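Spelled out, the chains give:
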Amino acid sequence: MTAPAVRTDALTKHYGRLPALEDLTIEVPPGEVFGFLGPNGAGKSTAIRLLLGLASPTSGRAWLFDVPAADVAVAHRRVAYVPADVALWPRLTGQEILHLLARTGPGIDTAYRDELLARFDVDLSKRADAYSTGNRQKIALVAAFATRAPLLILDEPTSGLDPLMEQQFRRTVDEARDRGQTVFLSSHQLAEVEAVCDRVGILRAGRLSEVATVPDLRRLHRSEVTLTYTGPAPRLDAVPGVDGVESLGEGRLRFALTGPPGPALHALADVDTVAVSIREPSLEEIFLDYYGRDSVSEVAR
Ligand SMILES: Nc1ncnc2c1ncn2[C@@H]1O[C@H](COP(=O)(O)OP(=O)(O)OP(=O)(O)O)[C@@H](O)[C@H]1O
């Protein structure tokens, strides 16, 4: 059996009394694009630092392709990493930095690197201390995606990119997946996670609340059902999974449906239904369920 690209077992990190990460157990198979989603302080960067051996766990363990994460010299042969705050050698030009990174990493595809440089519109002649945050991030992304590393770990990879570059980023992740690389990324951006990830892990205050595909997340959460009928109004108040029943006037009503639709369909069996529409929740609405209104603006920004 192929080793999982990432595996953690009850991975925990406390800073003093603060549980930055509690009991994280996940498995990411090779070739998957996995997104770690959560608001500021949820523990995303802490988890990534533990995977990279940049911090040691308080308890629990992590492996990259079955190599203990703490065995940095071996584990990093298969990893390319882009940190949230990209720091580059200030006196080197973009060109020099790419050469340096190519010599120290797991080997690169130079033709693909040139394609990425054009795609991300990077000016390689400037010294790194003259780069903007977004340009530093672009250099680091090009360096990582141009490697043949089987695992790419990206901490908030698009936080400094403009919308046009975000599009290019999404295309590049798709190409990495097509080549069989595993991508493990953290993000605040719901749209990005929705667009690129096969599965999403939702972190809340250091704990994993859910791991699911985006369509599965939608199924777990409230859909909005609007019903048009003739005859007497159906009685739905006590039906499992149904709440917020609201009349929209003559012969129309709306309700929220959570979980399997069977009981609601059963309750509607004798109703003369003219039309029914079901609107699935957006990822943002799913977040409202998890975090409440205050943090969703932070997550969706
Ligand atoms: N070196 C540290 N010392 C003390 N506390 C820390 C340290 N690093 C992180 N923390 C705390 O651990 C918690 C998780 O932080 P972490 O950076 O992992 O969150 P995050 O989800 O990556 O957030 P953001 O989206 O803001 O980067 C936060 O409360 C943070 O203040």
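Residues numbered from 1 in each chain as written. Predicted model: local features only at pLDDT ≥ 70, side-chain atom pairs only at ≥ 80, totals over all residues. Heavy atoms only, no water.

**Student:** So what about helix 4 (residues 110-119)? Which residues, and what values?
**Tutor:** For helix 4, the full list of buried residues reads Y112, R113, L116, L117 and R119. In a view along the axis of helix 4, the buried residues occupy a sector of 160 degrees, so they form one face of it. Opposite the buried face of helix 4, by more than 90 degrees, sit the exposed residues A111 and A118. Capping the start of helix 4 is the job of one residue whose side-chain oxygen sits 3.3 Å from the backbone nitrogen of A111: D109. In the segment just after helix 4, D121 is the residue with positive phi, at about 55 degrees. (Buried < 20%, exposed > 50% of the residue type's maximum accessible area, 1.4 Å probe, protein only. Helix = DSSP H or I, 4+ residues; strand = E, 2+ residues; numbered from the N terminus. Arc of directions from axis to C-beta. Polar contact = N/O pair within 3.5 Å; in protein donor to acceptor, adjacent residues only side chain to side chain.)

**Student:** A description of the site of the ligand should follow, citing residues and the corresponding values.
**Tutor:** Taken together, 14 residues lie near the ligand, and N40, G41, K44, S45 and T46 sit nearest. Within the side chain of N40, a nitrogen or oxygen atom sits 2.9 Å from an oxygen atom of the ligand. Notes on the ligand: free accessible area 640 Å², of which the protein chains cover 62%. Contributions of two or more residues to the shell around the ligand are made by strand 2 (18-28) and helix 1 (44-51). If one sorts the elements of the shell around the ligand by residue count, helix 1 sits on top with 4 residues. Considered class by class, the residues forming the shell around the ligand number 5 nonpolar, 6 polar and 3 charged. (Near = heavy atom within 4 Å. Areas by Shrake-Rupley, 256 points an atom, 1.4 Å probe, with all protein chains shown as cover. Nonpolar A, V, L, I, M, F, W, Y, C, P; charged D, E, K, R; others polar.)

**Student:** Report on the nonpolar core, specifying residues and quantitative values.
**Tutor:** Across soluble globular proteins, nonpolar side chains show a tendency to be buried alongside one another. With 45 residues, the main nonpolar core has F145, L154 and F169 as its most contacted residues. Considering each element in turn, this core owes the most residues, 7 residues, to helix 5 (residues 133-145). Not counting residues within four places of it along the chain, the set of residues in contact with L154 comprises I48, V82, L141, F145, F169, V183, F184, L185 and S186. In terms of nonpolar packing, the next biggest core, distinct from the first, is built from 27 residues, V6, F34, L50 and A62 among them. (Core = buried A, V, L, I, M, F, W, Y, C linked by side-chain atoms within 4.5 Å. Contact = heavy atoms within 4.5 Å.)

**Student:** How would you sum up the side chain of T172? Please name residues and give values.
**Tutor:** Here T172 shows up in helix 6 (residues 163-178). With a relative accessible area of 0%, T172 lands in the buried category. Reaching out from T172, the side chain makes a polar contact with the backbone oxygen of Q168 at a distance of 2.6 Å. When near neighbours in sequence (up to four residues on either side) are disregarded, T172 contacts Y112, L116, R119, F120 and F145.

**Student:** Describe in detail the domain arrangement of the chain, supporting the description with residues and values.
**Tutor:** Domain annotation for the chain reports domain 1 (6-217) and domain 2 (222-280). A straight line from the C-alpha centre of domain 1 to that of domain 2 covers 43 Å. (Domains from an automatic or database assignment.)

**Student:** Quick rundown of the packing of aromatic side chains? Include the residues and the values.
**Tutor:** Per the counting criterion, the structure on display carries 4 aromatic pairs. Judged by centre distance (5.4 Å) and plane angle (20 degrees), the ring pair of F34 and F184 falls under stacked. Of the two residues, F34 is situated in strand 3 (residues 33-37) and F184 in strand 8 (residues 182-187); the sequence distance between them amounts to 150 residues. Both rings, one in F145 and one in F169, keep their centres 5.9 Å apart while their planes meet at 70 degrees; by these two values the pair is edge-to-face. Highlighted residues: F145 in helix 5 and F169 in helix 6, separated in sequence by 24 residues. The exposure classification of F145 matches that of F169, with both residues buried. The ring of W63 has R7 sitting right over it, with the charged end atom 4.1 Å from the ring centre. (Phe/Tyr/Trp six-rings, centres within 6.5 Å; stacked < 30°, edge-to-face > 60°. Lys NZ or Arg CZ within 6 Å of the ring centre and 35° of its normal.)

**Student:** I'd like to hear about the sheet that holds strand 2, residue by residue, with values.
**Tutor:** With respect to topology, 4 strands assemble into an open sheet ordered 2-1-4-5, the strand pairing being antiparallel. Lying at the two open borders of the sheet, with one neighbouring strand each, are strand 2 and strand 5 (67-68). Taken together, the 5 bridges between strand 1 (residues 6-15) and strand 4 (residues 59-64) define a ladder with antiparallel strand orientation. Note on strand 4: the bridge partner recorded for V6 is L64. Set on the sheet, helix 1 makes contact with strand 1, strand 2 and strand 4; between it and strand 1 the angle comes to about 120 degrees. (Pairing = 2+ DSSP bridges. Axes fitted to C-alpha atoms, helices over the stretch in contact; angles between N-to-C directions.)

**Student:** Quick one: what's the story with the sheet that holds strand 14 (residues 272-279), residue by residue and with numbers?
**Tutor:** Pairing within the open sheet is antiparallel, and its 4 strands lie in the order 12-13-11-14. Each edge of the open sheet is held by one strand with a lone partner, namely strand 12 (242-247) and strand 14. Direction aside, the axes of adjacent strands within the sheet are offset by 20 degrees on average. By the bridge criterion, 6 bridges tie strand 11 (residues 223-230) to strand 13 (residues 252-257) in an arrangement that is antiparallel. Looking at the pairing, T228 lines up with R252 of strand 13.

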